Amino acid sequence: MGAQEKFPGVSIVNGRLAVNANHSFFGEIVEKGYRFWDPNRSKLGAALMKGLKELPIKFGSSVLYLGAAHGFTTSFISDIVGSAGIIYAVEFSERCFKELLPIAEKLKNVVPIKGDARMPETYSWIEKMDVVYCDIADPQQTEVAIRNCSAFLKPKGYLMIAIKTQSIDVTAQPATVAQAEADKLRKAGFDVLEVLNLEPFEEKHYFIVARSRA
Ligand SMILES: C[S@@+](CC[C@H](N)C(=O)[O-])C[C@H]1O[C@@H](n2cnc3c(N)ncnc32)[C@H](O)[C@@H]1O
């Protein structure tokens, strides 16, 4: 197998993205210790395939994940952060949360929270996080992510945010929408490290990695 490690625990194996793990929850292929990660089903997977330069999620990281859905991307982050890491996975849809629960039970380092990311005060019991990851496809999602960072991000911590430009402004150019969201982050005290266009994996989606200046 031609394997090249891109980040600790994340490799490209014969041209395909993979993490080091032996389990499978969504029908993904597992071979020789590699668990293959379909970038068409995961914006973080797509960002990695599009050449993400820095992956703030590492072994031992704590991650607040907003919009976990049924846990697809969460499960790969769980493999990366490993037994020393933790993910608080927030999801407000009853149906998705029901599907997330059995996955979280098996993964051990995922704490599912049935909650609304727009109301971080409702899960104020969680500790400070290394990374806030936001994928809620909400028109106000950058504002929601910033509020969650104010409440839970450690000093100099990272924000990773998937931008669905269509849910913010259908009339503007996707690149313009993404830059406007990046500007909001700069104004809120973040350095914007990367703005990636996720095509062809996700149309009209961008991915931003930012770091808190405070
Ligand atoms: C695009 S999907 C997330 C996909 C997931 N991140 C993945 O890669 O596996 C967006 C999810 O965010 C959830 N969501 C939207 N607004 C939310 C909110 N305010 N609080 C919590 N979850 C929310 C939706 O129910 C949906 O499951």
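Treat the numbers as computed from the prediction; the structure is a model and nothing was measured. (Residues numbered from 1 in each chain as written. Predicted model: local features only at pLDDT ≥ 70, side-chain atom pairs only at ≥ 80, totals over all residues. Heavy atoms only, no water.)

Participant: Is there a simple way to think about the overall build of the chain in this case?
Facilitator: Tallying secondary structure elements over the chain gives six helices and twelve strands in all. In terms of overall dimensions, the chain has C-alpha extents of about 45 × 35 × 35 Å along its principal axes. Counting the 214 residues in the chain, one finds 53% classified as buried. Looking at the chain alone, contacts between residues at least 24 apart form 58% of all its contacts between residues at least 6 apart. Accessible area of the chain: about 9600 Å², with a carbon and sulfur share of 52%. Placing the 26 positive and 25 negative side-chain charges of the chain at their respective mean positions leaves the two points 2 Å apart. (Helix = DSSP H or I, 4+ residues; strand = E, 2+ residues; numbered from the N terminus. Buried < 20%, exposed > 50% of the residue type's maximum accessible area, 1.4 Å probe, protein only. Contact = heavy atoms within 4.5 Å. Areas by Shrake-Rupley, 256 points an atom, 1.4 Å probe, with all protein chains shown as cover. Lys, Arg positive; Asp, Glu negative; His and termini not counted. Charge placed at Lys NZ, Arg CZ, Asp CG, Glu CD.)

Participant: In this structure, what is going on with the state of the cysteines? I would like to understand it.
Facilitator: Disulfide: a covalent bond formed between the sulfur atoms of two cysteine residues. For the coordinates displayed, the defined rule picks out zero disulfides. Of all cysteine sulfurs, the one in Cys 149 lies closest to Cys 134, which takes part in no disulfide; the gap is 8.4 Å. (Disulfide = S-S within 2.5 Å.)

Participant: How should I be thinking about the site of the ligand in this particular structure?
Facilitator: As a matter of local geometry, the ligand sits amid 17 residues, with Tyr 65, Thr 73, Glu 91, Ala 117 and Asp 135 nearest to it. Between the ligand and Thr 73, the relevant distance is 2.5 Å, taken from an oxygen atom to a side-chain nitrogen or oxygen of the residue. In the model, a nitrogen atom of the ligand is placed 2.8 Å from a nitrogen or oxygen of the Ala 117 main chain. Looking at the shell around the ligand residue by residue, the class counts come to eight nonpolar, four polar and five charged. (Near = heavy atom within 4 Å. Polar contact = N/O pair within 3.5 Å; in protein donor to acceptor, adjacent residues only side chain to side chain. Nonpolar A, V, L, I, M, F, W, Y, C, P; charged D, E, K, R; others polar.)

Participant: How should the nonpolar core be read in this particular structure?
Facilitator: General note: in soluble globular proteins, nonpolar side chains tend to be found buried as a group. Core analysis: the largest hydrophobic core is formed by 41 residues, its most contacted members being Leu 44, Leu 52, Leu 55, Ile 57, Met 160 and Phe 207. In this structure, Leu 52 is in contact with Phe 7, Leu 44, Ala 47, Met 160, Glu 194, Leu 196, Phe 207 and Val 209, ignoring residues within four places of it in sequence. If you look at the next biggest cluster of nonpolar residues, it comprises 28 residues, including Met 129, Leu 153, Ile 161 and Ala 178. (Core = buried A, V, L, I, M, F, W, Y, C linked by side-chain atoms within 4.5 Å.)

Participant: In this structure, what is going on with the packing of aromatic side chains? I would like to understand it.
Facilitator: When we look at a pair of aromatic rings, we describe it by the centre distance and by the angle of the planes. Enumeration over the complete set of coordinates arrives at seven aromatic pairs. Each ring, one from Trp 37 and one from Phe 76, has its centre 4.7 Å from the other, and the planes form 5°; the classification is stacked. Of the two residues, Trp 37 sits in the loop between strand E5 (34-36) and helix H1 (43-49) while Phe 76 sits in helix H2 (residues 72-81), which places them 39 residues apart along the sequence. The same class applies to Trp 37 as to Phe 76, namely buried. Seen from their ring centres, Tyr 133 and Phe 207 are 6.0 Å apart, and the 55° between their planes marks the pair as tilted. Highlighted residues: Tyr 133 in strand E9 (residues 129-134) and Phe 207 in strand E12 (residues 205-212), separated in sequence by 74 residues. (Phe/Tyr/Trp six-rings, centres within 6.5 Å; stacked < 30°, edge-to-face > 60°.)

Participant: Got a minute to help me understand the sheet that holds strand E7 (residues 86-91) in this structure?
Facilitator: Two orientations exist for strands paired in a sheet by backbone hydrogen bonds: parallel and antiparallel. The seven strands are arranged E8-E7-E6-E9-E10-E12-E11 in an open sheet whose pairing can be described as mixed. Edge positions in the sheet fall to strand E8 (110-114) and strand E11 (190-197), since each of these pairs with one other strand and no more. Between one strand and the next, the sheet's axes are offset by a mean angle of 15°, whatever the strand orientation. Looking at chain direction, E9 and strand E10 (residues 153-164) are connected through five bridges and run parallel. Bridge assignment links Tyr 133 to a residue of E10, and that residue is Met 160. Running over the sheet, helix H4 (residues 141-152) touches strand E6 (62-66), E9, E10 and E11 and is turned about 165° from E10. (Pairing = 2+ DSSP bridges. Axes fitted to C-alpha atoms, helices over the stretch in contact; angles between N-to-C directions.)

Participant: Would you explain the pattern of salt bridges in this entry?
Facilitator: When charged atoms on two side chains of opposite charge get close, those side chains can pair. Under the criterion given, the structure shown has eleven salt bridges. Across the salt bridge formed by Glu 28 and Arg 35, the nearest N and O atoms sit 2.5 Å from each other. For the pair Glu 28 and Arg 35, a shared accessibility class is recorded, and that class is buried. With a closest N to O distance of 2.7 Å, Arg 118 and Asp 116 form a salt bridge. On the basis of relative accessible area, Asp 116 is assigned to the buried category, the value being 15%. Through salt bridges with shared partners, one network takes in Glu 28, Arg 35 and Asp 79. (Salt bridge = Lys/Arg side-chain N within 4 Å of Asp/Glu carboxyl O.)

Participant: Can you walk me through the environment of Gln 179 in this structure?
Facilitator: Position of Gln 179 relative to the elements: it lies in helix H6 (residues 174-187). The partly exposed category is assigned to Gln 179, whose relative accessible area is 38%. A sequence separation of 148 residues divides Gln 179 from Glu 31, and the C-alpha atoms of the two residues are 39 Å apart.

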